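Okay, here's what each chain looks like letter by letter:
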Amino acid sequence: MIDIFKLGFVEFDAKDMRAMSTYYSDTMGFTLTEYGPGGSAYFSSSTDHHNIVLTPSNESGIRSFGLQYKSDLGIEEVAEYLNLNFGITTELKTDVKPGIYQYLQFTDPEGYEVHLYPEMTMTNPGFKTKGILPNKLGHLSLRVKDAKKQVEFYKQLGFHNTDWIESFFGFMTCNYDHHVLNFFTSEHKGMHHIAFEMRNYSHLVEKLDFLRLNNKNLIWGPSRHGAGHNIACYHEDAEGNLIELFTDADIYIKELGIFEPRPWHKDFPQKPKVWSTDECLSLWGVDFEKALV
Ligand SMILES: [Fe+2]
């Protein structure tokens, strides 16, 4: 058995390493921990060696993402377990990049490259004082051809399906956060957005001013979503990857199958459910930009 408990990092292809590095270093406030093979740059927003990786490329967009797990099994036994039980073929990688000595690489049913790893080198990023400085990398949203199939696949890996928007947008968690991954049915492949958790609403609003000072306009929000109830707003990084900053998201008590009660929940208890699109996107009535859907 394995217990996946965290979205550890997202790796981006970057056409303009300088512009992307400046965004993640100066605007987000992350610490450049190391350069890796091929000129990749590793950035940390926590005690992890890296949470964002930039790899030089002719393209932009997501390249891979990493999920950290805990297990009594050795990594080769985990590979065997995944293959025997779920037919997932993985490739063991050893000492090929900084920060993670060993990981299992596989491609999920929608063609996204996933790295499963038991350990990442801890680092002391020195916690900067300038930048957005979020608490953590919170979730990753991916466009997929078939969200239902993708949800079933990640259920096999121990993820819980917390909510749906109609039948096209499935939310999943591997810990107490409302969602860690979500899947958005689309004709296009690619990341929809990544999201960083802010400390609170004051922190979020303060950093919206900071974004404007760094010539970044908001695309949508802030407003409160339905599924997850997070107060969210969106902007783009230096290559158009959509970045959500959020706070106040639902906490899922998976042992009870409910979300911690909040004053704004209409349901008591609030349980995983299917939302309509209109009721879900903004509980504050903020119009949703077409660019986001
Ligand atoms: Fe999100």
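Residues numbered from 1 in each chain as written. Predicted model: local features only at pLDDT ≥ 70, side-chain atom pairs only at ≥ 80, totals over all residues. Heavy atoms only, no water.

### Re the state of the cysteines
Evaluation of the coordinates by the stated rule reveals zero disulfides. Its sulfur unpaired, Cys-233 is 17 Å from the next cysteine sulfur, which belongs to Cys-280. (Disulfide = S-S within 2.5 Å.)

### Here's the deal with the coordination of the iron ion
The iron ion binds to the protein through His-139 (NE2), His-193 (NE2) and Glu-244 (OE); the donor distances cover 1.9 to 2.1 Å. Every donor residue of the iron ion comes from the same chain, spaced as H-x53-H-x50-E. Of this pair, His-139 sits in strand β9 (residues 136-144) while Glu-244 sits in strand β16 (residues 242-247), and the two are 105 residues apart along the sequence. Here His-139 matches Glu-244 in class, with each residue buried. (Donors = N, O, S within 2.8 Å, 3.2 Å for Na, K, Ca; no water. Helix = DSSP H or I, 4+ residues; strand = E, 2+ residues; numbered from the N terminus. Buried < 20%, exposed > 50% of the residue type's maximum accessible area, 1.4 Å probe, protein only.)

### With respect to the side chain of His-225
You can see His-225 is positioned in the loop between β14 (220-224) and β15 (231-236). Within the structure, the side chain of His-225 is placed 2.7 Å from the side chain of Tyr-234, a separation counted as a polar contact. (Polar contact = N/O pair within 3.5 Å; in protein donor to acceptor, adjacent residues only side chain to side chain.)

### Focus: the UniProt feature "domain: VOC" (unreviewed entry) in the protein chain
In the numbering used here, UniProt assigns the "domain: VOC" (unreviewed entry) feature to residues 6-119 and 136-248. Split by type, residues 6-119 is 20% helix and 42% strand. Its first and last C-alpha atoms lie 11 Å apart. Counting secondary structure, residues 136-248 comes out at 20% helix and 44% strand; the distance between its end C-alpha atoms is 13 Å. (UniProt positions renumbered as here; feature names shortened; annotations may be inferred.)

### Here's the deal with the packing of aromatic side chains
Counted by the stated rule, this structure contains 17 aromatic pairs. Ring geometry for Phe-168 versus Phe-169: centroids 6.3 Å apart, planes at 50°, classification tilted. Classification of Phe-169 as buried rests on a relative accessible area of 10%. It is Lys-254 that lies over the ring of Tyr-176; its NZ or CZ is 5.6 Å from the centre. Here the guanidinium or amino end of Lys-273 rests over the ring plane of Trp-275, the centre of that ring lying 4.1 Å away. (Phe/Tyr/Trp six-rings, centres within 6.5 Å; stacked < 30°, edge-to-face > 60°. Lys NZ or Arg CZ within 6 Å of the ring centre and 35° of its normal.)

### Thoughts on the pairing of β14
Across three bridges, β14 lies against β15 in antiparallel orientation. Bridge pairing links Ser-223 to Ala-232 in β15. Taking the residues between adjacent antiparallel strands as the criterion, β14 and β15 are bridged by six residues, where Gly-228 takes a positive phi near 95°. (Pairing = 2+ DSSP bridges.)

### Considerations on the sheet that holds β16
Taken in spatial order, the nine strands of this open sheet run β14-β15-β16-β13-β9-β12-β11-β10-β19, and their pairing is mixed. Each edge of the open sheet carries a strand with a single partner, namely β14 and β19 (274-275). Docked against the sheet, helix α3 (residues 147-156) engages β9, β10 (160-165), β11 (169-173) and β12 (181-185), running at close to 160° with respect to β12. Strand contacts of helix α4 (residues 201-213): β14, β15 and β16, with the helix running at about 20° to β15, the strand carrying the most contacts. (Contact = heavy atoms within 4.5 Å. Axes fitted to C-alpha atoms, helices over the stretch in contact; angles between N-to-C directions.)

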